[in-house]
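# Geometric and topological summary
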Amino acid sequence: QVQLVQSGGGLVQAGDSLRLSCAASGRPGSSNVMGWFRQAPGKEREFVVAIRWSGIRSSYADSVKGRFTISRDNAKNTVYLQMNSLKPEDTAVYYCAASQMNLTPLTAEGYDYWGQGTQVTVSS
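In what follows, the accompanying structure is described. (Residues numbered from 1 in each chain as written. Predicted model: local features only at pLDDT ≥ 70, side-chain atom pairs only at ≥ 80, totals over all residues. Heavy atoms only, no water.)

## What about the packing of aromatic side chains?
Each aromatic ring pair is characterised by the separation of its centres together with the angle its planes make. Note the following rule: Note on aromatic pairs: the rings of Phe, Tyr and Trp (six-membered ring only in Trp) are paired at centre separations within 6.5 Å, and the planes decide the class, stacked below 30 degrees, edge-to-face beyond 60, tilted for the rest. By definition, being over a ring means that NZ of Lys or CZ of Arg is both within 6 Å of the ring centre and within 35 degrees of the ring normal.
Inspection of the entire model under this criterion finds five aromatic pairs. A network of ring pairs unites the aromatic residues Phe37, Phe47, Tyr95, Tyr111 and Trp114 as a single cluster. Directly above the aromatic system of Tyr95 lies the positively charged group of Arg45, at a separation of 3.8 Å from the ring centroid. One Lys or Arg, Arg45, reaches over the ring of Trp114 and ends 4.8 Å from the middle of that ring.

## Considering the nonpolar core
Cut-off, in case you're wondering: The criterion is simple. A nonpolar core is a set of buried Ala, Val, Leu, Ile, Met, Phe, Trp, Tyr and Cys residues joined through side-chain atoms within 4.5 Å. Only protein chains enter the accessibility calculation, which uses a 1.4 Å probe; a residue is then buried when its area is under 20% of its type maximum, exposed when over 50%, and partly exposed in between. What makes two residues a contact is simply this: any of their non-hydrogen atoms within 4.5 Å.
Core analysis: the biggest nonpolar cluster contains 30 residues, and Leu4, Trp36, Phe68, Leu81 and Met83 have the highest contact counts within it. In contact with Leu4, other than residues within four places in its own chain, are Cys22, Ala23, Ala24, Met34, Cys96, Ala97, Ala98, Tyr113, Trp114, Gly115 and Gln116. Of all hydrophobic cores here, the second largest spans six residues; its members include Val33, Phe47, Ala97 and Tyr111.

## Regarding the state of the cysteines
Convention followed: Disulfides are defined as cysteine sulfur pairs within 2.5 Å. Only DSSP runs of H or I reaching four residues or more are called helices, and only runs of E reaching two or more are called strands; each is numbered from the N terminus.
Following the criterion strictly, the structure yields one disulfide and no others. Between the sulfur atoms of Cys22 and its disulfide partner Cys96 the distance amounts to 2.1 Å. Around the S-S axis, the bridge from Cys22 to Cys96 shows a dihedral of about 60 degrees and counts as right-handed. You can see Cys22 sitting in strand 3 (residues 18-26) and its partner Cys96 sitting in strand 8 (residues 92-99), a full 74 residues away along the chain. The class for Cys22 is buried, based on a relative accessible area of 0%. With a relative accessible area of 1%, Cys96 lands in the buried category.

## A look at unusual backbone geometry
Although it is not a glycine, Asn77 sits at a positive phi angle of roughly 50 degrees. Structurally, Asn77 is set in the loop between strand 6 (68-73) and strand 7 (78-83). The exposure class assigned to Asn77 is partly exposed, which follows from its relative accessible area of 27%. At Ser85, a residue that is not glycine, the phi angle is positive and equals roughly 45 degrees. You can see Ser85 is positioned in the loop between strand 7 and strand 8.

## Section: the pairing of strand 4 (residues 33-39)
Stated formally: Only strands that DSSP links by at least two bridges are regarded as paired with each other.
Taken across its seven residues, strand 4 has six buried, putting it largely inside the fold. Here strand 4 runs beside strand 5 (residues 46-52); their pairing, made up of six bridges, is antiparallel. Among the inter-strand pairings, Met34 is bridged to a residue of strand 5, identified as Ile51. Hairpin connection, strand 4 to strand 5: the antiparallel pair is bridged by six residues, and Gly42 has positive phi, about 75 degrees. Direction of pairing for strand 4 relative to strand 8: antiparallel, over a ladder of seven bridges. The residue bridging Gln39 from the neighbouring strand is Val93, located in strand 8.

## Observations regarding the pattern of salt bridges
Using the following cut-off: Criterion for a salt bridge: a side-chain nitrogen of Lys or Arg within 4 Å of a carboxyl oxygen of Asp or Glu.
In the structure shown here, the tally under the stated rule is four salt bridges. As a salt-bridge pair, Arg38 and Glu46 come within 2.8 Å of each other at their nearest N and O atoms. Relative accessible area serves as the criterion here: at 29%, Glu46 is assigned to the partly exposed category. Asp90 is paired through a salt bridge with Arg67; the nearest N and O atoms lie 2.7 Å apart. Taken as a pair, Asp90 in the loop between strand 7 and strand 8 and Arg67 in the loop between strand 5 and strand 6 lie far apart in primary sequence, 23 residues in all. Where salt bridges share partners, they join Arg38, Glu46, Arg67 and Asp90 into one cluster.

In structure tokens:
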């Protein structure tokens, strides 16, 4: 079992920055990939980006490319999502997730464990 605990998020204005954290405990070594998703009201859960503990990163969703950066600290078993130049359309609940797959899944179905979610609200 892997437990994921998220922190960060909140209410900011357009153009501001936020950093989300996701700390893995339990058996973090059993997961190969850590991903970030988001879900806005009335919309499906959207893949944002993923990273392997080796450091190999997936492509970013077009909607966040150039503004969001994923990183990881293996010593702390923690993955981060730095979000810059936030826009109102970035408003959503953000989730981190862990996958045991050898390949990097780009959909929610590929992930085995999920964080509790954290609200990010960007006002215009």
